[in-house]
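# Analysis of the macromolecular model
The residues making up each chain are set out below.
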Amino acid sequence: MTEDTGRSPGRRRILGAAALGTAALGLTGAAAAPAGAAERGERDRGHLRELPRPAIIAHRGASGYRPEHTLGAYRLALDMGADVIEQDLVPTRDGHLVCRHENDISGTTDVAARPEFASRRTAKTVDGTRITGWFTEDFTLAELKTLRAKERIPGNRPRNTLYDGRWTVPTFEEVLRWAEKEGRRRGRPVWLHAETKHPTYFRGLGLGLEEPLARLLRRYGRDRHDSPVFLQSFEPGSMRRMARLVSSPRVVLLDAAGTRPWDFVEAGDPRTVDDLIAPDGLKWIASFAQGIGPTLNLVIPRGADGALGRPTTLVRDAHRAGLILHPYTLRNENSFLPADFRRDYPGVPGEDANEYGDVLGAYRRYFDTGIDGIFTDHPDTGLLAAADFRDRRPAGGV
Ligand code: G3P
Ligand code: CA
């Protein structure tokens, strides 16, 4: 499905072959020339400016329309014109990186209906939370590949269940190959945004994520400072480790104010998200990353009534520290929107949680803050909003 997003082709700068990220072009493993911190910062920001701004990042693919983290969801996002496509990464028992939001695959695959895996159901504590289910680290890749993906939130998105069972769980290597092929076919790089999930937990199991991720990035030519990829993690330690392995751009994700990254908890580091978004914290992040991915509430908090309040100074402060911002996650449905952007429908008694609210209005508020990109489950809507914003024209356009 392709939709006119109202953006003229000329707005998107076409990158040269060096940014196509293709192993076939012989770009694998080439380390950047040594450079000072300031020089490096400018060089990296220059590369990131090649993306449209604000960039629309397809959260788990076009997950508003297809079961998340499937090739179907990624393909649809690319066809819609998403600027960047996100993967969350967890390992299998034999060390392959697969695309799932969490290692518990009960909610996003048909594993519960597979008698041959019934005995694998177990309880584990992941990052301090007790979870009962089926876990990727207990399956070999061959076993995992027998499962079929399904819609995570069928209550919210019943239509997406049409596609249950259609796709398998993709490996990150399959995604890299697909992106390389599509990049060549379309004559422009397919940008990815890959997150290491629960990196401290997996390292404790002998399944460290960063080394296999770095190997894949090198193999597919996405290990350079100017590669079309972002790496991201809620654990700053994971991004620091990645910085020692590859030069690809890195983003530190930030959860709600007051929370602590899990690697800080494990290491006894008392800093919270509040410390990380203070000027010194941002300066520290900028010493090993190019951006932050804050929850949207850190950019514009919601009041007690659920409505958007006044923007914080985070965008200004992060930019001053030389960091870009990719906040998460905007979705079209009323149930996910700030209260002041929910909509009633004529003839529908009360607010319908699964219907779309005034998400274009919400985009305007967030874009007005100066963010550099945004994660969304509905990239087509996000692209329209971004085009409206860039052209400074009313939503709906001409
Ligand atoms: O990675 C950005 C955003 O996806 C973070 O939230 O929980 O959906 O991975 P989550
Ligand atoms: Ca993510």
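Definitions and cut-offs
- Residues numbered from 1 in each chain as written.
- Chains lettered and ligands numbered in written order.
- Predicted model: local features only at pLDDT ≥ 70, side-chain atom pairs only at ≥ 80, totals over all residues.
- Heavy atoms only, no water.
- Donors = N, O, S within 2.8 Å, 3.2 Å for Na, K, Ca; no water.
- Tetrahedral: all angles 85-135°; square planar, octahedral: opposite > 155°, others 65-115°.
- Helix = DSSP H or I, 4+ residues; strand = E, 2+ residues; numbered from the N terminus.
- Buried < 20%, exposed > 50% of the residue type's maximum accessible area, 1.4 Å probe, protein only.
- Near = heavy atom within 4 Å.
- Polar contact = N/O pair within 3.5 Å; in protein donor to acceptor, adjacent residues only side chain to side chain.
- Areas by Shrake-Rupley, 256 points an atom, 1.4 Å probe, with all protein chains shown as cover.
- Nonpolar A, V, L, I, M, F, W, Y, C, P; charged D, E, K, R; others polar.
- Contact = heavy atoms within 4.5 Å.

## What about the coordination of the calcium ion (ligand 2)?
Coordination of the calcium ion (ligand 2) by the protein involves Glu86 (OE), Asp88 (OD) and Glu195 (OE), with metal-donor separations of 2.1 to 2.4 Å. Around the calcium ion (ligand 2), the six donor atoms are arranged such that angles at the metal cover 60 to 156°; this shape is classified as irregular. Counting along the primary sequence, the residues that act as donors to the calcium ion (ligand 2) give the motif E-x1-D-x106-E. Here the residue Asp88 occupies a position in strand β2 (residues 84–91), and Glu195 occupies one in strand β6 (residues 191–196), the gap between them amounting to 107 residues. As far as burial versus exposure is concerned, Asp88 and Glu195 are alike and both buried.

## Things to note about the site of ligand 1
Neighbouring residues of ligand 1: His59, Arg60, Glu86, Asp88, His101, Glu195, Lys197, Gln232, Phe234, Leu253, Tyr328 and Phe375. Within the side chain of Glu195, a nitrogen or oxygen atom sits 3.0 Å from an oxygen atom of ligand 1. Residue Lys197 places a side-chain N or O atom 2.7 Å away from an oxygen atom belonging to ligand 1. In the complex, the protein chains occlude 91% of the 280 Å² of accessible area that ligand 1 would expose alone. For the shell around ligand 1, the residue count by class is four nonpolar, three polar and five charged.

## Regarding the environment of Asp269
As for its placement among the helices and strands, Asp269 is situated in the loop between α8 (262–267) and α9 (273–276). Not counting residues within four places of it along the chain, the set of residues in contact with Asp269 comprises Arg260 and Phe264. Polar side-chain contacts of Asp269 include one of 2.8 Å to the side chain of Arg271.

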